[in-house]
Amino acid sequence: MRGWSPPASRAATTSAASGATRSVPAGFVPGFVPFLGCSLTAAKGKGWPRPQGLSLSHSWDLQVGEGNGGSRNDCRQVLVLVYSLYQNVRKKNIHILYGGKVFPCTSGNITPGSTQDSTGSRGVSVYRSVITNTSKEMSCFSDFPFPEGFPSYLPHSLVLEYFRMYSRHFDLLRHVRFQTTVLSVRKRPDFTSSGQWEVVTETEGVRESHIFDAVMVCTGHYQEPYLPLASFPGIESRFKGQQLHSREYRDVQAFRGKRVLVVGIGNTGGDLAVELSRVAAKVFLSTRSNTWVISRVSDQGFPFDMVNTTRFNHLLEWLLPSALARRIRFRKFNSWFNHANYGLASSKSSKFKMIINEELPFCLLSGTVVLKPNVKEFTESSAVFEDGTTEENIDVVLFATGYNFSFPFLEESVRSAIDDNRSLYNCVFPPRLEKPTLAIIGLIQLTGSIMVGSEMQARWVTGVFAGWNRLPPPSTMMAEVVKRKPPVKRNPHERENLKMSFISYMDRIAACAGVKPSVLRLLLTDPQLALAIFFGPCSPYQYRLVGRGRWSGARAAILTQWQRTLQPLRTRVLADSPSSSSGWSWMCLLALPAALTAAFLFSKYPQPGWSPWARPQL
């Protein structure tokens, strides 16, 4: 596998209706787009002349369209499976999710303005009030910042607008075919030598067979609603009220005046409990987990993730004993309110989760939301909890219990080898494949934005497919997978096996892709930038400073990220508003010795691969 280069080939498609086989232009992949939204071709071999056409992104030296520097047969085609259907509920538009990127559906049966609902599909629906958990500076694509006028935390309508801006900027939608279902992805008979896949799709009742040199599966892990009904005796046999999964939730109208039990205290469960408390007669929130509640608003009013997701904090967490680091973290959380008093979490527990919610503590304090332990059983109209208490006259049970992931379109030999993301090399590549031509994108849960992590995965995978990056031998990849796998197989719905430290994982994949920045080298060449990278937010722009896909605007984006954060708040400027630039300069000067020491430690010691503290994602 070391040094493997995919064969140059011409993709072909066969119509099941006619049986005809037709060639596909090298710059066009019918019906599919890669992670950044275009059909891709990659030049074969070093020194291959760069073809003309549309540049996909600053990140990849790939082109779209026919080239005049070589034969079209010298191009390798990349297929990305797109599976999830997202909906903008407010405007009733249907949108397609491409591994973390949403594009409006502009063709096919579902068009802008359509009132068709997506609850019957495999996609994840977005309720009207949802707000991002990660700030715009920590969630954007690494070479395309959010507009400075956008607020730090975004409603889904602005996230959609950002995706539209991105797609217009790179002229991506003309390469997308919507309303195409992937029926199967199977190895070709000569897979051991060619690494090719046979893909069967269906569009408007017409089936086609395609041959592709590589496949990126960007379905993520929010696919099938997880409903653990067997864990709640009586919910199906005795309970007479309504039951639904949070995926079916849209707004509060159907719950007005009702007594609602929300099962599960993840981000969605907390959000829905707070929202329903404004109109419901009573809301009960059932949990079996120790849960720390944090606010999006951190020190001095800055976004929580920008203040806390820094390389300096990451180094401290690594250097300090885990018990001490956990104690400091819990003390910080309890400085907002004592979680034990609210029945949420104990500082003595080593197993816990974190959710983002500014309003839940007040709802608990005001009694509009009542926290309850795990449900023991249901009767016809009541819920009996494990502490022996009972709540009568429950009208609705809303399960906020998460999702399962699956790959039903993959052939069994490949699908059965993927238990979770730790079955994959670096959570991306199945290590047992004879050729590394299948990649799983977005099957991760980081302590930061999944969009940023998925983009980094896509950059690395593209380099592997194009021959820029090399994978280790299968034996080495398998050894790494075995080392990271938990000794005991967990329940498939448990998400702990997906959680990873944002900085650790981003740095690991960036190193594989050759785009990881060196703080020590920057200290010698650009001290101001080095200090901003080390003590400031670990924003996506850091991974555009070096290597393939280097972006000339990355340095400016890093040094101005705080200004873009504050810009939307400048709607009423006070005469005595302090200037932040002078304070930042003094901080940089005072922090230089510490940064030098930290950079030395970073270069001398390996970085941790996992973090016990997982923050929610976008």
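Above this text sits the structure in question.
Description of the structure in this document. Note that the structure is predicted; figures quoted are calculated from it, not measured.

## Side note on the packing of aromatic side chains
At step 1: Counted by the stated rule, this structure contains 30 aromatic pairs.
At step 2: A centroid spacing of 6.0 Å and a plane angle of 50 degrees characterise the contact between tyrosine 162 and phenylalanine 163, whose relative ring orientation is tilted.
At step 3: For tyrosine 162, a relative accessible area of 0% puts it in the buried group.
At step 4: Accessibility expressed as a relative area gives 4% for phenylalanine 163, which makes it buried.
At step 5: Among the aromatic residues, those joined into a cluster by ring pairs are Phe141, Phe144, Phe146, Phe150, Tyr162, Phe163, Tyr166 and Phe170.
At step 6: The ring of tyrosine 153 is capped by arginine 296, whose NZ or CZ atom sits 5.8 Å from the centre of that ring.

## As for helix α1 (residues 156-169)
At step 1: Across its 14 residues, α1 extends 20 Å between first and last C-alpha, which sits within 8% of the 20 Å expected from 1.5 Å per residue.
At step 2: Of all the positions in α1, only His156, Val159, Leu160, Tyr162, Phe163, Arg164, Tyr166 and Ser167 are classed as buried.
At step 3: Two residues or fewer past α1, aspartate 171 is found with a positive phi of approximately 55 degrees.

## Notes on the pairing of strand β13 (residues 214-217)
Residues in a regular strand project their side chains so that they alternate between the two faces of the sheet.
At step 1: Here β13 shows no split at all, with Ala214 and Met216 on one side and Val215 and Val217 on the other all buried.
At step 2: The pairing of β13 with strand β26 (residues 438-440) spans three bridges and is parallel. Bridging from a neighbouring strand, methionine 216 pairs with alanine 439 of β26.

## Considerations on the environment of glycine 301
At step 1: The residue glycine 301 is located in the loop between β18 (291-294) and α4 (304-308) in this model.
At step 2: Once the C-alpha coordinates of glycine 301 and leucine 566 are considered, the two residues, 265 residues apart in sequence, prove to be 9.8 Å apart.

## Some remarks on the sheet that holds strand β24 (residues 396-399)
At step 1: With parallel pairing, the five strands of this open sheet are ordered in space as β15-β24-β16-β17-β20. The outermost strands of the open sheet, each flanked by one partner alone, are β15 (242-245) and β20 (369-372). This sheet shows a mean twist of 20 degrees between the axes of neighbouring strands, independent of strand direction.
At step 2: Pairing of strand β17 (residues 282-286) with β20 involves four bridges; the strand directions are parallel. The residue of β20 that forms the bridge with phenylalanine 284 is valine 370.

## Side note on the side chain of threonine 291
At step 1: Among the secondary structure elements, threonine 291 is positioned in strand β18.
At step 2: If we skip the residues at most four places from it in the chain, threonine 291 touches Ile265, His339, Leu344, Ala345, Lys353 and Ile355.

## Quick notes on a nonpolar patch on the surface
At step 1: Together, Leu316, Leu320, Leu324 and Ile328 make up a nonpolar patch on the protein surface, roughly 300 Å² of accessible area in all.
At step 2: In this structure, leucine 316 sits in helix α5 (residues 311-319).

## Side note on helix α6 (residues 322-334)
At step 1: Taking 1.5 Å of rise per residue, the 13 residues of α6 would be expected to cover 18 Å, and the 18 Å separating its terminal C-alpha atoms lies within 8% of that figure.
At step 2: Within the span of α6, buried status applies to Ala325, Arg329, Phe330 and Phe333. Viewed along the axis of α6, the buried residues span an arc of 130 degrees, placing them on a single side of the element. Those residues of α6 that are exposed and aimed more than 90 degrees away from the buried face are Arg327 and Arg331.

## Comments concerning the sheet that holds strand β22 (residues 383-385)
At step 1: Strands sit in the order β21-β22-β23 across an open sheet of three strands; the sheet is antiparallel. Looking at the sheet topology across the chains shown, the edges are occupied by β21 (375-378) and β23 (390-391).
At step 2: As paired strands, β21 and β22 are joined by three bridges and run antiparallel to one another. Bridged to glutamate 377 within β22 is valine 384.

## Regarding the pattern of salt bridges
At step 1: According to the stated counting rule, one finds 18 salt bridges in the structure shown.
At step 2: A salt bridge links glutamate 391 to arginine 259, with the nearest nitrogen and oxygen atoms 3.7 Å apart. One end of the pair, glutamate 391, is in strand β23; the other, arginine 259, is in strand β16 (residues 259-263), with 132 residues separating them in the sequence.
At step 3: Taking the shortest distance from any N to any O, the salt bridge between glutamate 412 and arginine 415 comes out at 2.5 Å.

So, how was this worked out
For every chain, the first residue of the written sequence is number 1, and numbering continues from 1 along that sequence. Reporting in this predicted model follows two pLDDT cut-offs: at least 70 for local features of residues, and 80 or more for side-chain atom pairs to be given and counted; totals over whole chains, interfaces and linings ignore these cut-offs and use all residues. Hydrogens and water are ignored here; the side-chain numbers use all heavy atoms of the structure. Note on ring pairs: Phe, Tyr and Trp rings are taken, using the six-membered ring of Trp, and paired if centres are within 6.5 Å. Classes follow the plane angle, with under 30 degrees stacked, over 60 edge-to-face and the rest tilted. A simple rule labels every residue: compare its accessible area, found with a 1.4 Å probe on the protein chains alone, to the largest value its type can have, and call it buried under 20%, exposed over 50%, or partly exposed in between. Here, over-ring charges are defined by two tests on the NZ atom of lysine or the CZ atom of arginine: distance to the ring centre within 6 Å, and angle to the ring normal within 35 degrees. Counting from the N terminus, the helices are the DSSP runs of H or I reaching at least four residues and the strands are the DSSP runs of E reaching at least two. Each residue after the first adds 1.5 Å to the expected span of a helix. In this description, strands pair whenever DSSP reports at least two bridges between them. Only the contacting stretch of a helix is used when fitting its axis, a line to C-alpha atoms as for every element, and angles between N-to-C directions run 0 to 180 degrees. Contacts between residues were defined by any pair of non-hydrogen atoms, one from each residue, lying within 4.5 Å. Put simply, a patch holds well-exposed residues, over 30% relative accessible area, that have no salt bridge, with like charges counted together within 9 Å and Val, Leu, Ile, Met, Phe, Trp or Tyr side chains within 5 Å. Residue-level accessible areas treat just the shown protein chains as cover; the underlying method is Shrake-Rupley with a 1.4 Å probe. In the sections that follow, a salt bridge refers to a side-chain nitrogen of Lys or Arg positioned within 4 Å of a carboxyl oxygen of Asp or Glu. As used here, the arc is the angular range of directions from the helix axis to the C-beta atoms.

By themselves, these are just geometric observations and shouldn't be taken as functional.
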